[in-house]
Amino acid sequence: MNDDSNPGVPLQTKLIGLAIVLAIAGITGYLVIARNRVRPLDHPYDVGDMELVDPGLITWHQVGAWPLEMEDVRCLAVAGDGTVLIGGDRRVVIRDHNGSMVREMALNRTPTAIAVADDGRILVAQRTRMAVYGADGTDHGLLADFGDKALISAIEIVDDDTLFLADAGNKLVWHCDPSGTVINRIAEPRQGVEDTGLLLPEKTLDLSWAAGHLHVVN
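Visitor: Honestly, the environment of Thr204 in this entry has me stumped. Any pointers?
Guide: Tracing the sequence through the fold places Thr204 in the loop between strand 12 (182-186) and strand 13 (207-210). Between the alpha carbons of Thr204 and Lys171 there is a distance of 9.1 Å; along the sequence they are 33 residues apart.

Visitor: Which parts of the structure should I look at to understand the sheet that holds strand 12?
Guide: The strands that make up a sheet are held in pairs by hydrogen bonds between backbone atoms, and each pair lies either parallel or antiparallel. Taken in spatial order, the four strands make up an open sheet running 9-10-11-12, and their pairing is antiparallel. Where the open sheet ends on each side, the last strands, each with one partner, are strand 9 (152-158) and strand 12. Taking the axes of each pair of neighbouring strands and ignoring which way they run, one obtains an average angle of 20 degrees across the sheet. Pairing between strand 11 (residues 172-176) and strand 12: four bridges, direction antiparallel. Within strand 12, the residue paired with Val173 across the bridge is Ile186.

Visitor: When you look at unusual backbone geometry in this model, what are you seeing that I'm missing?
Guide: The phi angle of most residues is negative, glycine excepted, and most peptide bonds adopt the trans form. The phi torsion at Glu69 lies on the positive side, around 55 degrees, for a residue other than glycine. With respect to the element layout, Glu69 can be found in the loop between helix 1 (11-36) and strand 1 (73-78). Here the phi dihedral of Lys171 falls at roughly 60 degrees; this positive angle occurs in a residue that is not glycine. Along the chain, Lys171 falls in the loop between strand 10 (162-167) and strand 11. Lys171 gets classed as partly exposed once you look at its relative accessible area, which sits at 36%.

Visitor: I keep staring at a positive patch on the surface and nothing clicks. Help me out?
Guide: A grouping of Arg127, Lys149, Lys171 and Lys203 is seen on the molecular surface, where their side chains present a positively charged patch. For Lys149, the position within the fold is in the loop between strand 8 (139-145) and strand 9. Taking the relative accessible area as the measure of exposure, Lys149 reaches 63% and is therefore exposed.

Visitor: Got a minute to help me understand the pairing of strand 3 (residues 91-95) in this structure?
Guide: A regular strand places its side chains on the two faces of the sheet in alternate fashion. Across the five residues that make up strand 3, a large majority, five, are buried. Alternating positions in strand 3 separate into two faces, Arg91, Val93 and Arg95 on one and Val92 and Ile94 on the other, with burial throughout. Counting the residues between successive antiparallel strands, the hairpin from strand 2 (residues 84-88) to strand 3 contains two residues, one of them, Asp89, with a positive phi of roughly 55 degrees. Once strand 3 ends, the chain turns through five residues before running back antiparallel as strand 4 (residues 101-106), passing Gly99 with a positive phi of about 95 degrees.

Visitor: Even after reading the chapter, I still don't get the packing of aromatic side chains, so can you show me in this structure?
Guide: Each aromatic ring pair is characterised by the separation of its centres together with the angle its planes make. In the structure shown here, the tally under the stated rule is two aromatic pairs. For the pair Phe146 and Trp174, a centre-to-centre distance of 5.0 Å together with 40 degrees between the ring planes defines the contact as tilted. Here Phe146 is found in the loop between strand 8 and strand 9, whereas its partner Trp174 is found in strand 11, with 28 residues between them in sequence. Both residues of the pair, Phe146 and Trp174, belong to the buried class. An angle of 10 degrees between the planes, with centres 5.6 Å apart, marks the rings of Phe164 and Trp209 as stacked. Of this pair, Phe164 sits in strand 10 while Trp209 sits in strand 13, and the two are 45 residues apart along the sequence.

Reading guide: rules and limits
- Think of each chain on its own: its residues are numbered from 1, step by step along the sequence as written.
- Confidence filtering applies because this is a predicted model: local features only for residues at pLDDT of at least 70, side-chain atom pairs given and counted only at 80 or more, and all residues used for totals across whole chains, interfaces and linings.
- Values reported for side chains reflect all heavy atoms of the structure, with hydrogen atoms and water molecules removed beforehand.
- We count a stretch as a helix when DSSP gives it H or I for four or more residues in a row; a strand needs E for two or more, and each element gets its number in order from the N terminus.
- What makes two strands pair is DSSP finding at least two bridges between them.
- What counts as an axis is a line fitted to C-alpha atoms, over the stretch in contact for a helix, and the angles between N-to-C directions run from 0 to 180 degrees.
- Only protein chains enter the area calculation, which uses a 1.4 Å probe; residues under 20% of their type maximum are buried, those over 50% are exposed, and those in between are partly exposed.
- Patch building starts from residues that exceed 30% relative accessible area and form no salt bridge, then joins like charges within 9 Å and nonpolar side chains (Val, Leu, Ile, Met, Phe, Trp, Tyr) within 5 Å.
- Note on areas: Shrake-Rupley with a 1.4 Å probe; residue coverage comes only from the protein chains shown.
- Every case where a carboxyl oxygen of Asp or Glu lies within 4 Å of a side-chain nitrogen of Lys or Arg is listed as a salt bridge.
- Residues counted as positive are Lys and Arg, residues counted as negative are Asp and Glu, and His and the chain ends are not counted.
- Lys charges are placed at NZ, Arg charges at CZ, Asp charges at CG and Glu charges at CD.
- Only rings of Phe, Tyr and Trp enter the pairing, Trp through its six-membered ring, and a pair is recorded when the two centres are within 6.5 Å. The plane angle decides the type: under 30 degrees is stacked, over 60 is edge-to-face, the rest tilted.

In short, shape yes, function no, at least from these values alone.
Written out as structure tokens, the structure reads:
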């Protein structure tokens, strides 16, 4: 038996095709209904209690705030005399311990880390490289460049004769002398070996020197 509207296609074939279409439509409708039947949790997850802190455990309190007039604050360092250095927007702003402006250093790149040596030298990392400035802000030139993949995110100066630079880009720590010459690469990933080097969930790496030990976030 043939359908007069399309004599070239048997009616049986058309009925099978119609059945398949209806089946697909039925499945789609079921999925939509099932999705819409998802109910909210009977006991919503509440972290409010976790945010409560016993006032007796809080030992530090904000005592002031300084307007910086910066769009992109990236790094901070405090010198031995209490001077505060804030880096961002291709400049380093230097203030005394009361927040009064001391000076401003213009840079040609955004600073990513700052450190101050005991002799007053200021080390400023600008992503892949590190420059040195005098205590008065005089540019003493480029100290070292660590390659296109580098992202220097922290600097630690030890006894004015040892530098440790956290490199979030290469996932290692550079150990250098005061001239910027590399002495060692700490936690360097081994080529071809998985799960070596430092584990960094974000593009940042921090470190600190204390009691004769280098502490590295991993």
